[in-house]
Amino acid sequence: QVQLVESGGGLVQAGGSLRLSCAASGRTFGNYNMGWFRQTPGKERECVAAVSWSVVTTYYADSVKGRFAVSIDNAKNTVYLQMNSLKPEDTAVYYCAAGPKSNVLRMTPRLYGYWGQGTQVTVSS
């Protein structure tokens, strides 16, 4: 099992940047694919970025491509989501999640078994 704790959310002006962190305890990231999801009230949780256990394969939603970047620091057992050029529509609660180790990335929330508590990101216009 793995326990996940997100941090780094906050309030930022449009065009600004934030870096979210997801610290894991328990088993290491090498045993899981990792995903970053976001959710706003009344909407389904969507995957904005994902990275395979081998860190070879990444996925980005079209809405964040070129602005967000996911990375893993195995020494710190932490996965990051660097968010640049933020827009008001990026406002959401962001979650990191761990899913089954696979060379095929999955973007469906129900396929991820472990979740953090979420961190709020608010982008003002």
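None of these values were measured; they are calculated from a predicted model.

Below, the discussion takes up the pattern of salt bridges. When their charged atoms lie close together, side chains carrying opposite charge are able to pair. As enumerated under the stated definition, the model contains 4 salt bridges in all. In this structure, Arg38 engages Glu46 in a salt bridge whose closest nitrogen and oxygen atoms are separated by 2.7 Å. A residue is classified by how much of its surface remains accessible, and Arg38, at 7% relative accessible area, is buried. The residue Asp62 makes a salt bridge to Lys65 at a minimum N-O spacing of 3.1 Å. One network of salt bridges, in which partners are shared, links Arg38, Glu46, Arg67 and Asp90.

With that settled, consider the sheet that holds strand S3 (residues 18-26). Taken together, 4 strands build an open sheet; the order of strands is S1-S3-S8-S7 and the sheet is antiparallel. Looking along the sheet, the strands with just one partner apiece sit at the ends: strand S1 (2-7) and strand S7 (68-73). Here the average twist between neighbouring strands, direction ignored, is 20 degrees. Sheet analysis places S3 next to strand S8 (residues 78-83), joined by 6 bridges and oriented antiparallel. Across the sheet, Cys22 pairs through a bridge with Val79, a residue of S8.

By the definition in use, this model includes 1 disulfide. Between Cys22 and Cys96 runs a disulfide, and the two sulfur atoms are separated by 1.9 Å. As the torsion about the S-S bond is roughly 55 degrees, the Cys22-Cys96 disulfide counts as right-handed. Remark: Cys96 occurs in strand S9 (residues 92-100) and Cys22 occurs in strand S3; sequence separation between them is 74 residues.

Here we come to the environment of Ala98. Inspection of the secondary structure assignment puts Ala98 in strand S9. You can call Ala98 buried: its relative accessible area is 1%. Along the primary structure Ala98 and Gly9 are separated by 89 residues, whereas in three dimensions their C-alpha atoms are 19 Å apart. Not counting chain neighbours up to four residues away, the residues in contact with Ala98 comprise Val2, Leu4, Tyr32, Asn33, Met34, Tyr112, Gly113 and Tyr114.

Once that is clear, we can look at the pairing of S1. Of the two faces of S1, the one holding Val2, Leu4 and Glu6 is buried and the one holding Gln3, Val5 and Ser7 is not buried anywhere. Alignment of S1 against S3, held across 6 bridges, turns out to be antiparallel. Its bridge partner lying in S3, Val2 is registered against Gly26.

Each value, and the rule that gives it
- Residues numbered from 1 in each chain as written.
- Predicted model: local features only at pLDDT ≥ 70, side-chain atom pairs only at ≥ 80, totals over all residues.
- Heavy atoms only, no water.
- Salt bridge = Lys/Arg side-chain N within 4 Å of Asp/Glu carboxyl O.
- Buried < 20%, exposed > 50% of the residue type's maximum accessible area, 1.4 Å probe, protein only.
- Pairing = 2+ DSSP bridges.
- Helix = DSSP H or I, 4+ residues; strand = E, 2+ residues; numbered from the N terminus.
- Axes fitted to C-alpha atoms, helices over the stretch in contact; angles between N-to-C directions.
- Disulfide = S-S within 2.5 Å.
- Contact = heavy atoms within 4.5 Å.

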